[in-house]
Amino acid sequence: SAVISQKPSRDICQRGTSLTIQCQVDSQVTMMFWYRQQPGQSLTLIATANQGSEATYESGFVIDKFPISRPNLTFSTLTVSNMSPEDSSIYLCSAGTGMGEKLFFGSGTQLSVL
Amino acid sequence: GQQLNQSPQSMFIQEGEDVSMNCTSSSIFNTWLWYKQDPGEGPVLLIALYKAGELTSNGRLTAQFGITRKDSFLNISASIPSDVGIYFCAGPYTGTASKLTFGTGTRLQVTL
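How each quantity is defined
Residues numbered from 1 in each chain as written. Chains lettered and ligands numbered in written order. Predicted model: local features only at pLDDT ≥ 70, side-chain atom pairs only at ≥ 80, totals over all residues. Heavy atoms only, no water. Pairing = 2+ DSSP bridges. Helix = DSSP H or I, 4+ residues; strand = E, 2+ residues; numbered from the N terminus. Axes fitted to C-alpha atoms, helices over the stretch in contact; angles between N-to-C directions. Buried < 20%, exposed > 50% of the residue type's maximum accessible area, 1.4 Å probe, protein only. Contact = heavy atoms within 4.5 Å. Polar contact = N/O pair within 3.5 Å; in protein donor to acceptor, adjacent residues only side chain to side chain. Disulfide = S-S within 2.5 Å.

A word on the sheet that holds strand E7 (residues 68-72) of chain A. All names here are of chain A. Across the sheet, 4 strands lie side by side as E1-E3-E8-E7; this open sheet has antiparallel pairing. At either end of the open sheet lies a strand with only one pairing partner, and these are strand E1 (4-7) and E7. Shown here is a sheet whose adjacent strand axes are inclined to one another by a mean of 15°, direction ignored. Bridge count for E1 against strand E3 (residues 19-25) is 4 bridges, and the pairing is antiparallel.

In terms of backbone geometry, most residues other than glycine have negative phi values and most peptide bonds are trans. The omega torsion across Lys7 of chain A and Pro8 of chain A is 0°, close enough to zero to call that bond cis. Residue position: Pro8 of chain A is located in the loop between E1 and strand E2 (10-13). For the bond running from Ser7 of chain B to Pro8 of chain B, omega is -5°, close enough to zero to count as cis. You can see Pro8 of chain B is positioned in the loop between strand E1 (4-7) and strand E2 (10-14). The residue Asn82 of chain A is not glycine, and still its phi comes out positive at about 45°. Along the chain, the position of Asn82 of chain A falls in the loop between strand E8 (75-80) and strand E9 (89-96). For Asn82 of chain A, a relative accessible area of 54% corresponds to the exposed category. The phi dihedral of Ala78 of chain B falls on the positive side, at around 50°, and the residue is not glycine. Looking at the element boundaries, Ala78 of chain B is found in the loop between strand E8 (71-76) and strand E9 (85-92).

Next up on the list: the sheet that holds strand E7 (residues 61-65) of chain B. Residue and element names in this part refer to chain B. Taken in spatial order, the 5 strands of this open sheet run E1-E3-E8-E7-E6, and their pairing is antiparallel. A single partner strand is all that each edge strand has here, and the edge strands are E1 and strand E6 (55-58). Strand-to-strand twist across the sheet, computed as the mean angle between neighbouring axes with direction ignored, equals 15°. Sheet analysis places E7 next to E8, joined by 5 bridges and oriented antiparallel. Of the residues in E8, the one forming a bridge with Thr62 is Asn75.

Let us look at the pairing of strand E11 (residues 109-113) of chain A. All names here are of chain A. Burial along E11 is one-sided: Thr109, Leu111 and Val113 are buried, and none of Gln110 and Ser112, which face the opposite way, are. With 4 bridges joining them, E2 and E11 adopt parallel strand pairing. Pairing of Cys13 across the sheet is with Val113, part of E11. Bridge count for E9 against E11 is 3 bridges, and the pairing is antiparallel. Paired with Tyr91 across the bridge in E11 is Thr109.

Looking at the element boundaries, Gln37 of chain B is found in strand E4 (residues 32-37). Among the residues examined, Gln37 of chain B registers a relative accessible area of 6% and is labelled buried. Taking the C-alpha atoms as reference points, Gln37 of chain B and Leu74 of chain B, 37 residues apart in sequence, are found 15 Å from one another. Look past the residues within four positions of Gln37 of chain B in its chain and what remains in contact with it is Gln37, Leu43 and Leu92 of chain A together with Gly42, Pro43, Gly85, Ile86 and Phe88 of chain B. Side chain to side chain, Gln37 of chain B and Gln37 of chain A meet in a polar contact 2.8 Å long. Only 2.9 Å separates the side chain of Gln37 of chain B from the backbone oxygen of Glu41 of chain B, close enough to count as a polar contact.

This paragraph deals with the state of the cysteines. Applying the stated criterion to the full structure yields 2 disulfides over all chains. Note on cysteine connectivity: Cys23 of chain A is disulfide-linked to Cys93 of chain A, with sulfurs 1.9 Å apart. Linking Cys23 of chain A and Cys93 of chain A, the disulfide has an S-S dihedral of approximately -65° and is accordingly described as left-handed. Taken as a pair, Cys23 of chain A in strand E3 and Cys93 of chain A in strand E9 lie far apart in primary sequence, 70 residues in all. In this structure Cys23 of chain A comes out as buried when scored by relative accessible area, which is 0%. A relative accessible area of 0% places Cys93 of chain A in the buried class. Covalently, Cys23 of chain B is tied to Cys89 of chain B through a disulfide, its sulfur atoms 1.9 Å apart. Disulfide Cys23 of chain B to Cys89 of chain B: torsion about the S-S bond roughly 60°, handedness right-handed. Note that Cys23 of chain B is positioned in strand E3 (residues 19-25) and Cys89 of chain B in strand E9, a separation of 66 residues in sequence. An identical accessibility class is assigned to Cys23 of chain B and Cys89 of chain B; each is buried. The thiol of Cys13 of chain A is not disulfide-bonded; the next cysteine sulfur, from Cys23 of chain A, is found 18 Å away. Of the residues examined, Cys13 of chain A reaches a relative accessible area of 6% and is grouped as buried.

This is the structure in structure tokens:
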């Protein structure tokens, strides 16, 4: 299994600002993903963080709003840009290795936008 | 896209009771995963299923991979207060083993 550390764990931000969330894995992993969990809802995949190249975004999510970096096999960041109250959610980093593997999750970042 | 529907949406049970929940899909899955999410935490993997008809246990938890490959079931025996949380089923996106789509969730609350 992989231990995933996310920070910040929570933040309260003003409308129009941006927040960068960091995700650190304790071992090298092939796959890293970012999910969003809106209040009382399930998890929705935002994008796959690709090491050394641009992230792959799911339908409804765009790079300008959610820029993602992954400079190496153990670290990734997600930025929530030009925030509005609708961006208030839990953002979760996940990671795994190999094919058909199980994913492990960080504790999430609880974001509130005023 | 793929959609996973879980039922029940929520349930209140007495401590010591057995719990059953299920997850259904409109399309076939080759892998079923069950996660539990505690408040303020990320989901934690409980059980993974890889073959139709497979029955797998993890302590008081038992999960089954449906024969049609379009459903899965999770049972919890003799529930205790720490079973409280949200249970999610998950399966891989078509053609991509690692990307997961999650079910709608079943919220479990236990009364003493």
